[in-house]
Amino acid sequence: MSDLYTTLADLYDTVFDWDIESEADWIAERLGSGCRTVIEPGCGSGRMFAALERRGLAVTGIDVRGTNATVVLADMTDFDLGVFDGAVCPINTLGHLSHSELASHLEAMSRALAPGASYLVQLAVDAPVGEASRWEVERDEQHVRALWSVESRDADAGVEWHRSLFEVVAGHRAGEVHEEVHAMSFWTPETWGAVVDASPLEWTAVYDGTSPSRPRLDFTATGGLLWHELLRP
Ligand SMILES: C[S@@+](CC[C@H](N)C(=O)[O-])C[C@H]1O[C@@H](n2cnc3c(N)ncnc32)[C@H](O)[C@@H]1O
């Protein structure tokens, strides 16, 4: 497992602790007024999970790491925790799964969702190579500068390499600099569409996660922060 989720987990939680209130409103709205129970595979320390609970949803978060007492330790490619009204999986978490693991995950999700339920997945599809995102976050007296980019990819193998750089400007780890390159799955609109087509779920919409209004896009859209809506028929 990447150092980002072990020795660097507190820095990771800081740099991704940006304001998700409007995104959580949008997710709750898309899941629908009849949605009461939600599952979040790969919930990490529970950033989105907590935001959805503040909106009255009962969220079950699962992760392969025991990040806190409320997180259920389970592998998202094979679990059985009952049936939920909706599901969400933000910030490219599914990119950690290989192509065959993603197929197993979608099978597991179809068993975990009630008929008519939506699964909102934020997954990069053919994101630009070499374009770095840079941002800074201050939280709990910790101040971290972050850089993230897709450094290179092997399209035929369906793999790409992401570079992350965290510079700790203030806090108990001040002065630390951590640079890491880790492999993620590479998806195109065609390969992602094909794996969903082969699953029991249906791919019903794509939205632009970089815009506050999250407009609907064409199924051929590419980018690093796309939201995909899947339906359990
Ligand atoms: C990008 S983080 C996202 C955390 C959280 N969803 C958020 O929005 O902050 C990905 C998470 O997925 C978890 N993960 C990776 N592979 C997994 C698997 N096969 N089953 C369950 N969790 C997994 C990691 O431990 C990590 O916490």
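These remarks concern the structure in this document. No experiment lies behind these values; they were computed from the predicted model shown.

## Overview of the pattern of salt bridges
Then, in step 1: Inspection of every chain in the model, using the stated rule, returns 14 salt bridges.
Then, in step 2: Here Arg145 makes a salt bridge to Glu136, at a shortest N to O gap of 3.1 Å.
Then, in step 3: On the basis of relative accessible area, Arg145 is assigned to the partly exposed category, the value being 35%.
Then, in step 4: Under the relative-accessibility criterion, Glu136 is labelled partly exposed at 46%.
Then, in step 5: One salt-bridge network, held together by shared partners, links Glu21, Asp25, Arg54 and Arg55.

## A few points about unusual backbone geometry
Then, in step 1: Notably, Ile91 is not glycine yet its phi reads approximately 35°, a positive angle.
Then, in step 2: In this fold, Ile91 is placed in the loop between β4 (84-89) and α4 (99-112).
Then, in step 3: Unusually for a residue other than glycine, Asn92 sits at a positive phi of about 60°.
Then, in step 4: Along the chain, the position of Asn92 falls in the loop between β4 and α4.
Then, in step 5: What makes Asn92 buried here is its relative accessible area of 13%.

## Some thoughts on the site of the ligand
Then, in step 1: Lining the immediate surroundings of the ligand are 18 residues, of which Glu40, Gly42, Arg47, Asp63 and Arg65 lie closest.
Then, in step 2: Contacts to the ligand include Arg47, whose side-chain N or O atom sits 2.8 Å from an oxygen atom.
Then, in step 3: A distance of 2.9 Å separates a nitrogen atom of the ligand from a polar atom in the backbone of Met76.
Then, in step 4: Within the complex, 93% of the 610 Å² of free accessible area of the ligand lies under protein.
Then, in step 5: Residue composition of the shell around the ligand, grouped by class: nine nonpolar, four polar and five charged.

Criteria and thresholds
- Residues numbered from 1 in each chain as written.
- Predicted model: local features only at pLDDT ≥ 70, side-chain atom pairs only at ≥ 80, totals over all residues.
- Heavy atoms only, no water.
- Salt bridge = Lys/Arg side-chain N within 4 Å of Asp/Glu carboxyl O.
- Buried < 20%, exposed > 50% of the residue type's maximum accessible area, 1.4 Å probe, protein only.
- Helix = DSSP H or I, 4+ residues; strand = E, 2+ residues; numbered from the N terminus.
- Near = heavy atom within 4 Å.
- Polar contact = N/O pair within 3.5 Å; in protein donor to acceptor, adjacent residues only side chain to side chain.
- Areas by Shrake-Rupley, 256 points an atom, 1.4 Å probe, with all protein chains shown as cover.
- Nonpolar A, V, L, I, M, F, W, Y, C, P; charged D, E, K, R; others polar.

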